[in-house]
Amino acid sequence: MSSHAQGVKERVARGIARRYRRERNFRLAGLGAVLVGMAFLAFFFYTLIGNGYTAFLQTHILLEVELSESSIDPDGERDPQTLGRANYQGVIRNALMARFPQVEGRNDLRDLFALVSPGAGFELRNQVLANPELVGQTIRQWLVADDDVDMLVKGHMDRTAEESERRINDSQLGWIEQLEADGSVARHFNHRFFTSGDSRDPEMSGIWSAVVGSFFMLLVTLALSFPLGVATAIYLEEFAPKNRWTDLIEVNINNLAAVPSIVFGLLGLALFINFFGLPRSAPVVGGLVLTLMTLPVVIIAARASLMSVPPSIREAALGVGASKMQTIFHHVMPLALPGMLTGTIIGMARALGESAPLLMIGMVAFIVDVPESPLDPATALPVQVYLWADSPERAFVERTSAAILVLLAFLLVMNASAILLRKRFERRW
Amino acid sequence: MPSSTVLVALLGMTVVAYVLGRRRSVRAASNTGLTCHSLPGYYGSYVAIWCALPALLLYCLWQLAEPGFIRTQVLATMSAATLELPEAELGLVYNDIRNLVEGNIVSGEPSDEILAAASRYMSLQRISNLGLMLAVLIIGLTTLGWAFRRVEPGLRARNKVERSMELLLMAASTVAIFTTIGIFLSVLFEALRFFQQVSPLEFLFGLSWSPQTAIRPDQVGSSGAFGAVPLFAGTLLISGIAMLVAVPVGLMSAIYLSEYANPQVRSFAKPMLEVLAGIPTVVYGYFAALTVGPLLRQFGEGLGLSVSSESALGAGLVMGIMIIPFVSSLSDDVINAVPQDLRDGSYGLGATQSETIRQVILPAALPGIVGGILLAASRAIGETMIVVMAAGLAANLTANPLEAVTTVTVQIVTLLIGDQEFDSAKTLAAFALGLLLFVTTLILNIIALRVVRRYREQYE
Amino acid sequence: MSQATKVEKDTVPQVGAGTVEETSVPAAPDIRVVGDTYRTVGDYTSANPVVRARNVDVFYGDNHAIQNVSLDIGKNQVISLIGPSGCGKSTFIRCLNRMNDTIDIARVHGEILLDGEDIHARRMDVVMLRARVGMVFQKPNPFPKSVYDNVAYGPRIHGLARNRQELDRIVRSSLERAGLWTEVKDRLDEPGTGLSGGQQQRLCIARTIAVGPEVILMDEPCSALDPIATAHIEDLIDELKKNFAIVIVTHSMQQAARVSQRTAYFHLGRLIEVGDTDQIFTNPQHELTEDYITGRFG
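Since this is a predicted model, take the numbers as computed values, not measurements.

Enquirer: Let's hear about the overall build of chain C: which residues, and what values?
Expert: Regarding its fold elements, chain C presents eleven helices and twelve strands. Buried residues in chain C amount to 56% of all 298 residues. Across chain C, the fraction of contacts at a sequence separation of at least 24, relative to all contacts at a separation of at least 6, is 66%. Carbon and sulfur atoms make up 47% of the accessible area of chain C, which totals about 12500 Å².

Below, the structure is given as structure tokens:
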């Protein structure tokens, strides 16, 4: 071995331990970075599920409710109008007083009445309207508890804390413990969360109107963005000459994909609402705005799937005398369709999670009623999350988390179906 | 009769046109014994297109012109006193009339004058709809007849139908252009109205932002202050923190996953990171506001620091997490595009893997990575929900990440939520901010897309 | 596989049966087949070896890419590896500096000694190994850095220069020895990717010799170059053999004849024949070698 080579060998050997240490550190840094992302994800789902799962149950209180004819239907005719107008909240109050006869005094009575949700009366009313035979009977009824009671029962409120520190005072706590002792407090599945609209009372609030609003919006978005996006992709990929104009369109599409969503909201406000006079808070406007936002996603995906159809297919069709249009619609499109659908579903999933532009066009309203058409005022699921996140009541925290879980479940289903679609129809040429 | 019935009628006519055109081509062929140039369906489509398109065009023009026409007609009959009202109040009156017609809630008890105007509005609308129906029918039938008579075996129906389809496709592709123009014009138009009230210089360089209009005229700052510098500073602070989180973590995880991780780890970790990208921003916002904010506050208290619960740090951290998958997937593409040759060259000289990555791959991938980072920055600047929920509302000019700052997007949202009037400087300011946001992100995006594109071409 | 099987069947009919048998065949007296193992014709050893490879097998997944190859690389000598595409010559030289480590599915068996040290031994470091066994690739692959930084890369990572002057000297002498100095001495700060193809390849050679290796492996270094650039590189190789042992993989038999002292003929993962270049090209012993050299296939 030459002396030069020997020198090289020695010098390399001298630095080698340090270099391997750096190598290991670098590798660890990479691993650390991946773990940061994963750790966040784990922490995120942990807190979300931890906060949210209790919202799927709701505390109820069992009371003997006397639906006396004198208070509900004094005429005795079972006229729905009369039945509907009766004071059911009063009936429930009587039931509470009967359960706790020792309670007296205005303030104490008010505290007692606060145990049951103000919404319980409406539910009782609906029950009687559906089944007028109940009038005159005394029924054992599970009534929705107030959100503070709910929080206490679920353990979100510390029973041992100072009275001034909690929203349930000592006498209320005493009554609740009495009720708990004889099994008159129980948690039932919270069907209201899935079937009702927003409400000021957390225990009566639900996501249904928001879900329907989101549904109408996505319907509009899908109906517009799929045909428009596919048409654009076909034009750009199959017909457009390569010139400045198509270049401009392409730059535009790529850029639109990166424009902040709130700017689309400003466009919706200025153009659709102020200029064209479309109604505020309507899913149709939200759908239009989301269409413009999703369009680039659909176009880019549709172009990619058109591009992946090999030219030999086109040549074969053209070779037997098909026109260009026939070639595309009879041969290329069927092969590219799964890819286009995948892209569209992913675009829809993104649109479903979008909320910033909807704030701009007034879809942040307090919506109790379930919208019946895309023109009715509505809100969307992510906006409902935003609204609840802003509410001070502790009970809305778990509802927000639960609404997020529902939203994430929708997104999961959509993305999973996109992946399945891709797997099922993926073709290698 | 709502105007949608006109569309239904038109649709019916189009179907009839298709059937007629098709049948005529088949008959013509059997009568003359000639072979038609195209398949019968194309003749049907030919007549249908001729029947539908001109009428549809008329319908659209009519719908655009109608509201203005009715407005002038209705207002013309109103009393001079009403007409002398300023433009804004006149608009409110007119809104009342329309609300009355549509059966919505009206402000106050409507006066007789308004009731009369409303009934006039209704009759005008009825007349307009009737006229539209007639016009569409006449135009549709005329063009239908014209196209129908042109159907003969020699007519190149397929070419004409395909040509019109191509035009349709082309029209669809211009939607992207019109969207950009629409965004630009609508934001610019309102922003210009804002700049008539507030000088652009004050807006761009002013140090104080308090857009609240005063309740009492003698209140301090009753005119509102519209110096946007604190907003820019806040935006930059939060996006800066976000980039500080996202760039190293995103880049390092891309490097780890594409250069080090074995296939099993990669096939698990990559989709997991992509889940981060799929989480809606409102969820991140909720998380930042309810979990990260209080956590940081507690942590700060432990260290004896006062951390605002709406600190820039909290919003920035969560925003950074949100952008991680964005940076990592872009970097991943870019790193994988670096040719294997270069890696081999470096390993062949005895470089370790990290030396190869740091000194050969990253410099080679740098333009692409920079492009990706610029796109990520543009996303951070435009991100709305996280900051709306987790950042402050007050415009503090500070570089301290533990304090609450506000951002451009937060102000756009707060200025526009629940505000109906469109003439106050307060609402218009939102559009000026929007213009600024749009232009900034546009420039960032165009530079980034250029850089990335050129990088791709280099290795293709 | 078809050609090999055919030829072997012509010469050694029993091969298919897999019987252990030694047969002498008049046309190639040294051929012996033991089971499926082939014994190389000619002397694969060298009087003064830097690298001694013995019974090397390489697998890419299930593909047996190299079968039982033994070969010595002599000091201050150029050995060329020839053979049809896919015969394993590139795979073989990639074993010599363990470049196959970078391919996940590759497995190497057998013994390879560098100056008597086993390169697969635990105490042999792959970084050190590659500093001692440099490699030049088929396609010129300068780093996207300046000419200077390209050459300085190796010395920098290995810490071969104590200071800037020393680094300058290494860069300059490497470029000079690669015959590139006069062409690039005014363009040291320009990107290496801006040079012409031939210059790029000489830059890659300069980059390799800057580390001061004992062996330089060249994997078809001229296949992407024009004839003039190729002539340049060939002159350079001739010059370099004064200091280095050089292994060159080439598709061009003329090139092998021009630059090398020894030649090894590979066929379908087997080393068929080794010998002095003159002898291989004038008087090949094995039928396959002869067929290849006379251009019957390849």
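On we go.
Enquirer: I'd like to hear about the interface of chain A and chain B, residue by residue, with values.
Expert: Contacts between chain A and chain B engage 75 residues on the former and 81 residues on the latter. On the chain A side of the contact with chain B, Phe 26, Phe 40 and Leu 266 of chain A bury the most area, a combined 10% of that side's loss. Seen at the junction of chain A and chain B, the total is two salt bridges. Asp 247 of chain A serves as the salt-bridge partner of Arg 453 of chain B, at 3.7 Å between the closest nitrogen and oxygen. At the junction of chain A with chain B, the criterion picks out 14 residue pairs in polar contact (both at pLDDT 80 or more). Tallying contributions element by element places helix α1 (residues 3-52) of chain A first for the side of chain A that touches chain B, with 22 residues. Along the lines of polarity and charge, the residues of the side of chain A that touches chain B split into 53 nonpolar, 16 polar and six charged.

Enquirer: Which residues make up the side chain of Ser 128 of chain B, and what values do they have?
Expert: All names here are of chain B. With respect to the secondary-structure elements, Ser 128 resides in helix α5 (residues 112-150). For Ser 128, a relative accessible area of 9% gives the class buried. Here the side chain of Ser 128 touches Glu 66 through a polar contact of 2.4 Å, side chain to side chain.

Enquirer: Summarise the sheet that holds strand β3 (residues 49-60) of chain C; cite the residues concerned and give the values.
Expert: Residues and elements named next belong to chain C. As summarised here, the arrangement of the four strands in space is β4-β3-β6-β7, forming an open sheet in which the pairing is antiparallel. Looking along the sheet, the strands with just one partner apiece sit at the ends: β4 (63-74) and β7 (117-118). Strand direction decides the pairing type here: β3 and β4, joined by eight bridges, are antiparallel. In the sheet register, Ala 53 faces β4, and the bridge partner there is Leu 71.

Enquirer: Tell me about the interface of chain C and chain A, and please be specific about residues and values.
Expert: On the chain A side, the residues contacting the 19 residues of chain C number eleven residues. Around 1300 Å² of area is buried between chain C and chain A when both sides are counted, 55% of it from carbon and sulfur atoms. Interface area lost by chain C to chain A is led by Val 127, Met 128 and Leu 160 of chain C, which between them contribute 31%. Linking chain C with chain A are two salt bridges. Our enumeration of links across chain C and chain A arrives at six residue pairs in polar contact (both at pLDDT 80 or more). Looking at the side of chain C that touches chain A, the elements with two or more residues in it are α3 (126-132) and α4 (147-158) of chain C. Here the element with the most residues in the side of chain C that touches chain A is α3 of chain C; it accounts for five residues.

Enquirer: Kindly report on a nonpolar patch on the surface, identifying the contributing residues and their values.
Expert: Residues and elements named next belong to chain B. Where nonpolar side chains cluster on the molecular surface, the patch consists of Phe 178, Ile 181, Phe 184, Leu 185, Val 439, Ile 443 and Ile 447 and spans about 620 Å² of accessible area. Counting residues per element, the ones that place at least two in the nonpolar patch are α7 (175-197) and α17 (425-458). The leading source of residues in the nonpolar patch is α7, at four residues.

Enquirer: Before we move on, could you go through the pattern of salt bridges and cite the residues and values that matter?
Expert: One side chain can pair with another of opposite charge once the charged atoms of both are near each other. Inspection of every chain in the model, using the stated rule, returns 40 salt bridges over all chains. The salt bridge partner of Arg 78 of chain A is Glu 69 of chain A, with a shortest N-O separation of 3.1 Å. Taking the relative accessible area as the measure of exposure, Arg 78 of chain A reaches 29% and is therefore partly exposed. For Glu 69 of chain A, a relative accessible area of 35% corresponds to the partly exposed category. The salt bridge partner of Glu 162 of chain B is Arg 158 of chain B, with a shortest N-O separation of 3.6 Å. With Glu 162 of chain B and Arg 158 of chain B both in helix α6 (residues 157-173), this residue pair falls four residues apart, about one helical turn. Among the residues examined, Glu 162 of chain B registers a relative accessible area of 11% and is labelled buried. Where salt bridges share partners, they join Lys 9 of chain A together with Asp 115, Glu 117, Arg 132 and Glu 214 of chain C into one cluster.

Enquirer: Give me the packing of aromatic side chains: which residues, what numbers.
Expert: Here the structure, examined in full by the defined rule, presents 27 aromatic pairs over all chains. Pairing Trp 209 of chain B with Phe 226 of chain B gives two aromatic rings, centres 5.7 Å apart and planes at 90 degrees, and the pair type is edge-to-face. Taken together, the residues Trp 209 of chain B in strand β1 (residues 209-210) and Phe 226 of chain B in strand β2 (residues 225-226) connect sequence positions 17 residues apart. With relative accessibility at 3%, the residue Phe 226 of chain B sits in the buried group. One aromatic cluster is present, formed by Phe 40, Phe 43, Phe 44 and Phe 45 of chain A together with Tyr 284 and Phe 287 of chain B through successive ring pairs. Seen from the ring of Phe 100 of chain A, Arg 99 of chain A lies directly overhead, with NZ or CZ sitting 5.2 Å from the centre. Over the ring of Phe 148 of chain B we find Arg 24 of chain B, and its NZ or CZ is 4.8 Å from the ring centre.

Enquirer: Any details on the packing of helix α1 (residues 4-32) of chain B against α5 of chain B? Residues and values, ideally.
Expert: Residues and elements named next belong to chain B. α5 packs onto α1 with a crossing angle of 10 degrees between their chain directions and a minimal axis gap of 10 Å. Between α1 and α5, the angle is such that the two are roughly parallel. Counted together, Thr 5, Val 6, Ala 9, Leu 10, Met 13, Ala 17, Leu 20, Gly 21 and Arg 24 of α1 and Leu 132, Met 133, Val 136, Leu 137, Gly 140, Leu 141, Leu 144, Phe 148 and Arg 149 of α5 form the full contact between these two elements. Partitioning the contact of α1 with α5 into residue classes produces 13 nonpolar, three polar and two charged.

Enquirer: Tell me what's going on with the nonpolar core, and back it up with residues and numbers.
Expert: Membership of the largest hydrophobic core comes to 226 residues, with the highest contact counts inside it found for Ile 412 of chain B together with Leu 175 of chain C. Per-element tally for this core: the top contributor is helix α9 (residues 229-260) of chain B, with 15 residues. Apart from residues lying up to four places away in sequence, Ile 412 of chain B is in contact with Ile 262, Leu 266 and Met 360 of chain A together with Ala 430, Leu 433, Gly 434 and Leu 437 of chain B.

Enquirer: An account of the sheet that holds strand β2 (residues 138-144) of chain A is requested, with residue identities and associated values reported.
Expert: Residues and elements named next belong to chain A. Spatially, the three strands line up as an open sheet ordered β2-β1-β3, and their pairing is antiparallel. Every other strand in the sheet has two partners, leaving β2 and β3 (185-189) as the edge strands with one partner each. Geometrically, the sheet is characterised by an average inter-axis angle of 40 degrees between neighbouring strands, direction not taken into account. Taken together, the five bridges between strand β1 (residues 57-66) and β3 define a ladder with antiparallel strand orientation. Of the residues in β3, the one forming a bridge with Thr 59 is Arg 187.

Enquirer: Provide a residue-level description of empty space enclosed by the protein, including the pertinent values.
Expert: Residue and element names in this part refer to chain B. Applying the stated criterion to the full structure yields four cavities of 30 Å³ or more. Ser 253, Ala 254, Leu 257, Lys 270, Leu 273, Glu 274, Pro 325, Ser 328, Ser 329 and Asp 332 are the residues that line the largest cavity. Looking at the lining of the largest cavity, the elements that each hand over two or more residues are α9, α10 (263-278) and α12 (312-337). Of the residues in the lining of the largest cavity, the class split is four nonpolar, three polar and three charged.

Enquirer: Quick one: what's the story with unusual backbone geometry, residue by residue and with numbers?
Expert: A positive phi angle is found at Arg 78 of chain A, which is not glycine, with a value near 55 degrees. Topologically, Arg 78 of chain A is positioned in the loop between α2 (69-72) and α3 (80-85). Despite not being glycine, Asn 76 of chain C has its phi angle at roughly 45 degrees, a positive value.

Enquirer: Which residues make up the state of the cysteines, and what values do they have?
Expert: Residue and element names in this part refer to chain C. With the rule as written, the count across this model stands at zero disulfides over all chains. Between Cys 87, a free cysteine, and Cys 95, which holds the nearest cysteine sulfur, the sulfur-to-sulfur gap is 13 Å. With no disulfide partner, Cys 222 has as its closest neighbouring cysteine sulfur the one in Cys 204, 12 Å distant. On the basis of relative accessible area, Cys 222 is assigned to the buried category, the value being 8%.

Enquirer: I'd like a description of the environment of Ile 419 of chain A, backed by residues and values.
Expert: Summarising the element assignment, Ile 419 of chain A is placed in helix α18 (residues 394-425). Residues Ile 419 of chain A and Ile 176 of chain A, spaced 243 residues apart in sequence, show a C-alpha to C-alpha distance of 50 Å.

Enquirer: For a positive patch on the surface, give the residues involved together with the corresponding values.
Expert: On the surface, Arg 18, Arg 21, Arg 22 and Arg 24 of chain A together with Arg 358 of chain B cluster together into a positively charged patch. Tallying contributions element by element places α1 of chain A first for the positive patch, with four residues. Position of Arg 18 of chain A among the secondary structure elements: in helix α1. On the basis of relative accessibility, which here comes to 40%, the residue Arg 18 of chain A falls in the partly exposed class.

Cut-offs used in this document
Residues numbered from 1 in each chain as written. Chains lettered and ligands numbered in written order. Predicted model: local features only at pLDDT ≥ 70, side-chain atom pairs only at ≥ 80, totals over all residues. Heavy atoms only, no water. Helix = DSSP H or I, 4+ residues; strand = E, 2+ residues; numbered from the N terminus. Buried < 20%, exposed > 50% of the residue type's maximum accessible area, 1.4 Å probe, protein only. Contact = heavy atoms within 4.5 Å. Areas by Shrake-Rupley, 256 points an atom, 1.4 Å probe, with all protein chains shown as cover. Buried area = accessible area lost by both parts, 1.4 Å probe. Salt bridge = Lys/Arg side-chain N within 4 Å of Asp/Glu carboxyl O. Polar contact = N/O pair within 3.5 Å; in protein donor to acceptor, adjacent residues only side chain to side chain. Nonpolar A, V, L, I, M, F, W, Y, C, P; charged D, E, K, R; others polar. Pairing = 2+ DSSP bridges. Patch = residues over 30% accessible without salt bridge, like charges linked within 9 Å, V, L, I, M, F, W, Y side chains within 5 Å. Phe/Tyr/Trp six-rings, centres within 6.5 Å; stacked < 30°, edge-to-face > 60°. Lys NZ or Arg CZ within 6 Å of the ring centre and 35° of its normal. Axes fitted to C-alpha atoms, helices over the stretch in contact; angles between N-to-C directions. Parallel < 35°, antiparallel > 145°, perpendicular 65-115°, else oblique. Core = buried A, V, L, I, M, F, W, Y, C linked by side-chain atoms within 4.5 Å. 1 Å grid on protein atoms, 1.4 Å probe; cavity = no way out; pocket = protein on both sides within 12 Å on 5 of 7 lines; lining within 4 Å. Points joined across faces, edges and corners; volume = space filled by probe spheres on them. Disulfide = S-S within 2.5 Å. Lys, Arg positive; Asp, Glu negative; His and termini not counted. Charge placed at Lys NZ, Arg CZ, Asp CG, Glu CD.

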